[in-house]
2 protein chains.
Amino acid sequence: MNSKKDTQQLYDSFVATMRKRADVEYSIGVLSWDKEVNLPDKGAAFRSQQVATLSGIAHEIFTDKAFGDTLETLATKNGALNPKQKKNVKLTLKEYQRSKKLSKEFVIKKSQAISAAYHAWLKAREANDYQVYKKELGNIVAICREEAELIGYKDHPYDALLDIYEPGATTKELVTLFKDVRVQLVDFVAKIRSKRQIDNAFLFKRYTKKKQWDYGLEALKNMGYDFKAGRQDLSEHPFTINFSPQDVRVTTRIDERDFTNMLWSCIHEGGHALYEQGLPTSQYGLPLGQAISLGIHESQSRLWENNVGRSKSYWKAHYKTLKKNFPKNLDGVGLAKFYKGINKIAPNLIRTEADELHYHFHVMIRFEIEKALMEGSLEVDNLEEVWNEKYKQYMDVKVPDAKRGILQDIHWSHGSIGYFPTYSLGSFYAAQFFHQACKDHPTILTAIEKGNNQPLLDWLREKIHQHGRYYNAKQLCKRITGEPLNFKYFMDYAQDKFGTIYGVKS
Amino acid sequence: MNSKKDTQQLYDSFVATMRKRADVEYSIGVLSWDKEVNLPDKGAAFRSQQVATLSGIAHEIFTDKAFGDTLETLATKNGALNPKQKKNVKLTLKEYQRSKKLSKEFVIKKSQAISAAYHAWLKAREANDYQVYKKELGNIVAICREEAELIGYKDHPYDALLDIYEPGATTKELVTLFKDVRVQLVDFVAKIRSKRQIDNAFLFKRYTKKKQWDYGLEALKNMGYDFKAGRQDLSEHPFTINFSPQDVRVTTRIDERDFTNMLWSCIHEGGHALYEQGLPTSQYGLPLGQAISLGIHESQSRLWENNVGRSKSYWKAHYKTLKKNFPKNLDGVGLAKFYKGINKIAPNLIRTEADELHYHFHVMIRFEIEKALMEGSLEVDNLEEVWNEKYKQYMDVKVPDAKRGILQDIHWSHGSIGYFPTYSLGSFYAAQFFHQACKDHPTILTAIEKGNNQPLLDWLREKIHQHGRYYNAKQLCKRITGEPLNFKYFMDYAQDKFGTIYGVKS
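Source: prediction; values computed, not measured. Residue numbers run consecutively from 1 along every chain, following the written order of its sequence. To label them, take the chains in the order written and letter them from A, then take the ligands in the order written and number them from 1. For this predicted model, a pLDDT threshold of at least 70 governs which residues receive local features, and a threshold of 80 or more governs which side-chain atom pairs are given and counted, while totals over whole chains, interfaces and linings are taken from all residues.

What follows concerns the overall build of chain A. Working definition: helices are DSSP H or I runs of at least four residues, strands are E runs of at least two. Numbering for both runs from the N terminus. A tally of helices and strands in chain A yields 20 helices and three strands. For 506 residues, the compact-globule estimate of 2.2 N^0.38 gives 23 Å, and chain A sits close to it at 23 Å. C-alpha atoms of chain A, sized along the principal axes, occupy 75 × 50 × 50 Å. The buried share among the 506 residues of chain A stands at 42%. With the radius of gyration taken over C-alpha atoms, the globule rule is written as 2.2 Å times the number of residues to the power 0.38. Counting other C-beta atoms within 10 Å of a residue's C-beta gives its exposure: the residue is buried at 20 or more, exposed at 12 or fewer, and partly exposed in between, where C-beta atoms are placed from the backbone.

Shown next, in the form of structure tokens:
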């Protein structure tokens, strides 16, 4: 490395490889999106093969020895790089080194275990019997333990897995966080449960498909989602996917007997999509063109879904239109009743259908189980009993069967241990960010009340989206709010909102 | 090469590379389909980049030196291969050798010329001025001449280009064929033109979008198109694309003021799609899993569109349903009138809107021009006058401007010289094949009259689809019909059908 010019040339070659890889990865994205939205039945087998081939090519591009050498040279002799370039190199090198720690044999073994576990999970769900799944799940746990050892960790094997989804987060921090959840939230929610139930039957009348679809599109537009850089389609499970910041697609589903299904999925996925549409195109294919972590991604979807979409301010602006669209269903339902209806709190069995508060018990239970599995203090044999006990303990519900209990989530069968906590992190970050946004610009709230979400979006763009992965989650939180993630903000939000709705004091 | 086993292993590695390449090529297909059907405006730039990256990867896979060595070894020491395997190797080697004749520099130069020509063509169309396009078109012609020299040819430089689209076809044969067209068809069509015009105004009443869409789907189903291995969508220009024989998609467009637009595009693309759905999945990625040529592909679409879709037999089965779907528009229009209406013959300026007969004059004009350009007996400078003269001479129409004349087709701006003749070859093959099918099984026609197209599809599957590229177009034609392509079959068909409709004898 003789000169600035050499370094820049080397950096350019690094960028070229990263973009080539991104082109292949995003192509896989298009194939996957198409699979969920369009694929005819018989096309599935060849499509899987095509995706596998592209995945292999992307892997080859990234794990190429010469590319690794380039990375290491750039990481050590980086005087001529600017801070953003340095960050891109540093984050990529971390990923490269991680990938090098896992042998090809291990990767194949893991992928086979996942395939077996996924099929066992499907079978077990059909049989509604955890026993059918147990062995393969045990395999996944063993492989995740092995992965943690291969990757290495300072304090806890779970740290190594968590780092995949939430770089920089530690088990220790999560333990503290969920202690707060247990201490503060369990009692508060129990008080709410003792109150008279809210009637929200009007949300489950027949809402016709076409009208729901149109309303969802309007909601997305109103959030600031750019339809010239994206589109919405139908799929079995709603998701957001991006092929560049200029093509960020969302999907939703419509249940004519449950209006909230479509509504929250649109706003939730819209929140994810706004983040992706706000990433800098100049950093395409590079870490600074990517989202920080699953937790921060989820903070964007939750902020829009809960802090905005389930707020009274939002519906002050939109309830009139909604009522105009569904006059019969909402006949006699005033704004106050509607607002209460969409904020009903009730314990339930299924995580994805949980309300804003109980949701975190679902996550906490999974976190406690995952942590114990990784420590070896819990084995898969008696997992179902542990699961059911925890549901009784935290939510006072009895799990009637495996399908509505331990078999409900796909994550473990996909080899994803360490993923669940990011859901709660998302809500907690969302509360802290939204609090800060409103503090920075009190006009944000008044604008929302008038149907104008632009000031909020501007704040998110400036503070979060435009930076890509320049800051990690902790740095970002500190930078924006002046302090680390603090459960207090979520708790304040919950007490303020639900305390008022239910007439409960903390 | 010591043993049968070694040869088989080598063949397997050949197949693996071909399938890897096919996976990448079909992925490009998915990205391209998505571009036409779904892509949000802003997504175009990154999408082009993604397609370019995958194209580069596919090219690298195919032109790899070791792969070439494998091919050459397999081609020379092929005793242990079965006839199908030999054919796969032989056809692939031909393509490999062709690709090796074009240097990387030439390929880049051509692709840049195409990009420039395409943009010039767009500009010229906007300005309705051929002069804007002329220089870039001259460039394309020069590059195509150079390509012909690099590839090599026996008799005529045009042969080298023709071979890309219609392997084995020669300029000499086309000259003979179009001589037949000129001698036999021009006079016959002139006689028709002298007759009283057919009234088909009922086809241009308002046909609502949704009803047209539904009718198109029914027409596809009725042909035998498998919706479990495909789907239909809307796009600006109708097309067929396949990602495997299990995923073959068609698109259509709907003009509420022109029912025929959707109708013929559905049946035409359906014909292409049936061919692709009938290719053997076991030969995925290999020549025997591919269509023979553009001419044979077009024979399938034309056979369904014209020989079936515009026949009285077909409408005997379907006219009742059509009328039920559009009772107002077809009020007072009996089957006889409808049949005449969809078979109206009238000269026109635009190739893609031409009737079954005038169509071939459009193609002939392009063929004559292309051949002369390749010979150097015509230059781009006075091309517009030549074009307009030929339209006057063959069709007795005056070209009013460049847009409705020389600027109407995209092909040359895409560097595709040698493509146009395959359109006419398609119709001529279709006539010969359909004649043979009805001769082999007279029940084919009676079944069509009852709305059952399966016997015809079975015949096409057995005689054509299942073989992939095992036979070339000439061999196939000889094998099925006992003789080479013969214009007589098309002429007989035309005289029989239009002679009756217009009361004209040849």
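Residues and elements named next belong to chain A. Pairs of strands are assigned from DSSP output, requiring at least two bridges between the strands. Taken in spatial order, the three strands make up an open sheet running E1-E3-E2, and their pairing is mixed. The two strands at the open ends of the sheet, each matched to only one other strand, are strand E1 (232–234) and strand E2 (240–244). Neighbour-to-neighbour, the strand axes of this sheet turn through a mean angle of 25°, independent of strand direction. Strand direction decides the pairing type here: E2 and strand E3 (residues 247–252), joined by four bridges, are antiparallel. Of the residues in E3, the one forming a bridge with Thr-240 is Val-250. Along the sheet, helix H10 (residues 259–277) contacts E2 and E3; its crossing angle with E3, the most-contacted strand, is approximately 170°. Between N-to-C directions, angles span 0 to 180 degrees; the directions come from axes that are lines fitted to C-alpha atoms, helices contributing only their stretch in contact. Residue pairs are scored as contacts if the distance between their C-beta atoms, which are placed from the backbone, is within 7 Å.

So, on to the relation of the copies chain A and chain B. The copies were overlaid by least squares, fitting only the C-alpha atoms of residues that reach a pLDDT of 70 or more in each copy. At an RMSD of 0.1 Å, chain A and chain B line up after a rotation of 179° and a shift of 0.0 Å along the axis. Seen this way, the second copy is the image of the first under a two-fold rotation axis. The fraction of interface residues of chain A whose copies in chain B are also interface residues reaches 97%, indicating that both copies meet through the same surface.

Turning to the confidence of the model for chain A, a few remarks are in order. Mean pLDDT over chain A stands at 96; residues scoring 70 or higher make up 99%. Interface confidence for the predicted complex, expressed as ipTM, amounts to 0.93; the pTM equals 0.94. One confidence number per residue, pLDDT, is output by the predictor and ranges from 0 to 100.

Before going further, it helps to spend a moment on the interface of chain A and chain B. On the side of chain B, 30 residues touch chain A, which itself brings 31 residues to the contact. The element that contributes the greatest number of residues to the side of chain A that touches chain B is helix H1 (residues 4–37) of chain A, accounting for eight residues.

Here we come to the pairing of E3(A). All names here are of chain A. For E3, the tally of buried residues reaches six of six residues, placing the bulk of the element in the interior. Burial along E3 is two-sided: Asp-247, Arg-249 and Thr-251 and Val-248, Val-250 and Thr-252, pointing in opposite directions, are all buried. Adjacent in sequence and paired antiparallel, E2 and E3 are bridged by two residues.

A separate point is helix H3 (residues 65–76) of chain B. What a helix should span is 1.5 Å times the count of its residues minus one. Look at H3(B): 17 Å from first C-alpha to last across 12 residues, which is about the 16 Å you get at 1.5 Å a residue. Residues of H3(B) that are buried sit in contact with helix H1 (4–37) and helix H4 (83–101) of chain B.

What follows concerns the domain arrangement of chain A. Residues and elements named next belong to chain A. An automatic or database domain assignment supplies the residue ranges for each domain. You can read the domains of chain A as domain 1 (1–101) and domain 2 (201–345 + 442–471). One C-alpha centre belongs to domain 1, the other to domain 2; they are set 31 Å apart. Counting from both sides, the interface comprises 16 residues of domain 1 and, opposite them, 14 residues of domain 2. Counting only elements with at least two residues in the side of domain 1 that touches domain 2, the list comes to H1 and helix H4 (83–101). In terms of residue count, the dominant contributor to the side of domain 1 that touches domain 2 is H1 (11 residues). Residue composition of the side of domain 1 that touches domain 2, grouped by class: eight nonpolar, three polar and five charged. Each residue receives one of three labels: charged for Asp, Glu, Lys and Arg, nonpolar for Ala, Val, Leu, Ile, Met, Phe, Trp, Tyr, Cys and Pro, and polar for the others, Gly being one of them.

Right, let's talk about the environment of B:Val181 for a bit. Residue and element names in this part refer to chain B. As for its position among the elements, Val-181 is in helix H8 (residues 171–193). For Val-181, a count of 22 C-beta atoms within 10 Å corresponds to the buried category. C-alpha separation for the pair Val-181 and His-360, spaced 179 residues apart in sequence, amounts to 7.7 Å.

Moving on to the sheet that holds strand E2 (residues 240–244) of chain B. Backbone hydrogen bonds hold the strands of a sheet together, and the pairing may be parallel or antiparallel. All names here are of chain B. One open sheet holds the three strands; their spatial order is E1-E3-E2, and the pairing between them is mixed. Here the strands that pair on one side only, and so sit at the sheet edges, are strand E1 (232–234) and E2. Along the sheet, successive strands turn relative to each other by an average axial angle of 25°, direction set aside. Relative to strand E3 (residues 247–252), E1 runs parallel, the two being bridged by three bridges. Within the sheet, the bridge partner assigned to Asp-233 lies in E3 and is Thr-251. Its contacts with the sheet place helix H10 (residues 259–277) against E2 and E3, and it is angled at close to 170° to E3.

So, on to unusual backbone geometry. For A:Asn128, which is not a glycine, the phi torsion comes out positive at approximately 50°. If you trace the backbone, A:Asn128 turns up in the loop between helix H5 (104–127) and helix H6 (131–151). The residue B:Asp396 is not glycine, and still its phi comes out positive at about 60°. With respect to the secondary-structure elements, B:Asp396 resides in the loop between helix H15 (383–395) and helix H16 (421–440).

Turning next to the packing of helix H16 (residues 421–440) of chain A against helix H19 (residues 473–481) of chain A. Residue and element names in this part refer to chain A. Interhelical geometry of H16 versus H19 gives an angle of 25° and a closest axis separation of 10 Å. Here H16 lies roughly parallel to H19, going by the angle between them. The hand of the H16/H19 crossing is left-handed. Packed against H16, whose contacting residues are Tyr-429, Gln-432, Phe-433 and Gln-436, the element H19 presents Cys-477, Ile-480 and Thr-481 at the interface. Residues of the contact of H16 with H19, tallied by class, amount to four nonpolar, three polar and no charged. Small angles under 35 degrees read as roughly parallel and large ones over 145 as roughly antiparallel, with 65 to 115 read as roughly perpendicular and the rest as oblique. Crossings are classed by handedness, with left-handed meaning an anticlockwise turn of the near helix from the far one by less than a right angle and right-handed meaning a clockwise turn.

Residues and elements named next belong to chain A. Following both chains from N to C, one finds H1 and helix H2 (residues 44–63) inclined at 165°, their axes separated by 9 Å at the closest point. Compared by their axis directions, H1 and H2 come out roughly antiparallel. In this structure, H1 meets H2 at a crossing whose hand is left-handed. On the side of H1, the interface is formed by Thr-17, Lys-20, Arg-21, Val-24, Glu-25, Ser-27, Ile-28, Leu-31, Ser-32 and Lys-35, while H2 contributes Arg-47, Gln-50, Val-51, Leu-54, Ser-55, Ile-57, Ala-58, Ile-61 and Phe-62.

Now for helix H11 (residues 294–308) of chain B. Between its terminal C-alpha atoms H11(B) stretches 20 Å, which fits the 21 Å expected from 15 residues at 1.5 Å a residue. Bend at a residue means the angle formed by two fitted axes: the first through the 7 residues ending at that position, the second through the 7 residues beginning there. Along its length, H11(B) shows its largest kink, about 35°, at B:Arg302.

All right, on to the environment of A:Leu39 then. Tracing the sequence through the fold places A:Leu39 in the loop between H1 and H2. Separated by 338 residues in the primary sequence, A:Leu39 and A:Ser377 have C-alpha atoms spaced 44 Å apart. The residues touching A:Leu39, leaving out its near neighbours within four places in the chain, are A:Asp34, A:Ala44, A:Arg47 and B:Asp247.

Moving on to the environment of A:Thr70. Residue and element names in this part refer to chain A. Tracing the chain through its elements places Thr-70 in helix H3 (residues 65–76). Put simply, Thr-70 and Pro-287 are 217 residues apart on the chain and 16 Å apart in space, counted from C-alpha to C-alpha. Sequence-distant contacts of Thr-70, that is, excluding residues within four places in its chain, are made with Leu-10, Ser-13 and Phe-14.

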